[in-house]
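Next come the chains, spelled out residue by residue.
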Amino acid sequence: MSVSKRPYRQIARAAAAESLRQRVVTAFNDLLLSRWIDEITLDEAAVSAGTTRQTVIRLFGGKDGLLEAVMDRLRAEVVPRTSMPADDSGRAALEALIAHYEAVGDMVVRFLAQEERHSALRPLLAQGRREHRAWVAERFGSIQNGMNELERERQITRLIVATDIYTWKLLRRDFGKSQAEVLHLMVAIINKETGEVT
């Protein structure tokens, strides 16, 4: 084998390994949409991805590693949807947040329902809560000028409730509201609280 072909083969192997890794994550993700974590076996995830249980274990170590990989994918999808210039309107920020919920909300709600049973979910979901709080404080922070610390904290908490994934689930899934109506209702709630969103 010529030396010049080695780098190409190494790149091809690395690409194939990453493709396999993504297939396994996608297969596990798809199973999670209809089944509880306890009900899914590594064998099922492997078969769905077209590989073996041993390969899944080698790549991820087990279910906890697979869960972390799925959560990493969900987190990566948050950034383009919820990151925008600070001078964008509160309404645009809510549109981005609701678009994010539409894409991954059902999965996140399923994770939240299983949080107490799976310790691997807890730090990942706790990070999501911290990130949502920071998002609310950044997006609507200007309305809290002149408030004391307690008032500011209470208002941030109320705005978190108004924009929480459970609020989206209640309106969208339980009440059957359209995506546009969910936006309208969230804007109305925040307007009542702050008078700042248009």
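Residues numbered from 1 in each chain as written. Predicted model: local features only at pLDDT ≥ 70, side-chain atom pairs only at ≥ 80, totals over all residues. Heavy atoms only, no water.

Draft legend 1. Local environment of the confidence of the model for the protein. On average, residues of the protein carry a pLDDT of 87, and 88% of them reach 70 or more. When pLDDT is averaged over each helix and strand of the protein, the minimum, 80, is found for helix α4 (residues 63-82) and the maximum, 98, for helix α8 (residues 165-174). (pLDDT = per-residue confidence, 0-100. Helix = DSSP H or I, 4+ residues; strand = E, 2+ residues; numbered from the N terminus.)

Draft legend 2. Highlighting the side chain of H132. Mapping H132 onto the fold places it in helix α6 (residues 121-140). Look at H132 and you get buried, because its relative accessible area is 13%. A polar atom in the side chain of H132 sits 2.9 Å from the side chain of T163. In this structure H132 touches L97, Y101, I160, T163 and D164, once residues within four positions along its chain are discounted. (Buried < 20%, exposed > 50% of the residue type's maximum accessible area, 1.4 Å probe, protein only. Polar contact = N/O pair within 3.5 Å; in protein donor to acceptor, adjacent residues only side chain to side chain. Contact = heavy atoms within 4.5 Å.)

Draft legend 3. Expanded view of the packing of aromatic side chains. Scanning all chains against the criterion turns up two aromatic pairs. Geometrically, the ring pair formed by Y101 and W168 is tilted, given 5.9 Å between the ring centres and 50° between the ring planes. Separated by 67 residues along the polypeptide, Y101 in helix α5 (residues 90-113) and W168 in helix α8 bring together distant segments of the chain. Neither residue differs from the other here; Y101 and W168 are each classed as buried. (Phe/Tyr/Trp six-rings, centres within 6.5 Å; stacked < 30°, edge-to-face > 60°.)

Draft legend 4. Highlighting the packing of α5 against α8. Following both chains from N to C, one finds α5 and α8 inclined at 110°, their axes separated by 10 Å at the closest point. It follows from the interaxial angle that α5 and α8 lie roughly perpendicular. Taken together, the residues of α8 that come into contact with α5 (itself represented by Y101, E102, G105, D106, V108, V109 and L112) are I165, Y166, W168, K169, R172 and R173. For the contact of α5 with α8, the class distribution of residues is seven nonpolar, one polar and five charged. (Axes fitted to C-alpha atoms, helices over the stretch in contact; angles between N-to-C directions. Parallel < 35°, antiparallel > 145°, perpendicular 65-115°, else oblique. Nonpolar A, V, L, I, M, F, W, Y, C, P; charged D, E, K, R; others polar.)

Draft legend 5. Just the environment of I98, in detail. By secondary structure assignment, the location of I98 is in helix α5. Sequence spacing of I98 and A180 is 82 residues, and the spatial spacing of their C-alpha atoms is 9.3 Å. Discounting chain neighbours no more than four positions away, the residues touching I98 are Q179, V182, L183 and M186.

Draft legend 6. The arrangement of the side chain of T55 in detail. As for its position among the elements, T55 is in helix α3 (residues 53-60). Judged by its relative accessible area of 14%, T55 falls in the buried class. Among the polar contacts listed, one links the side chain of T55 to the side chain of T51, at a separation of 3.5 Å.

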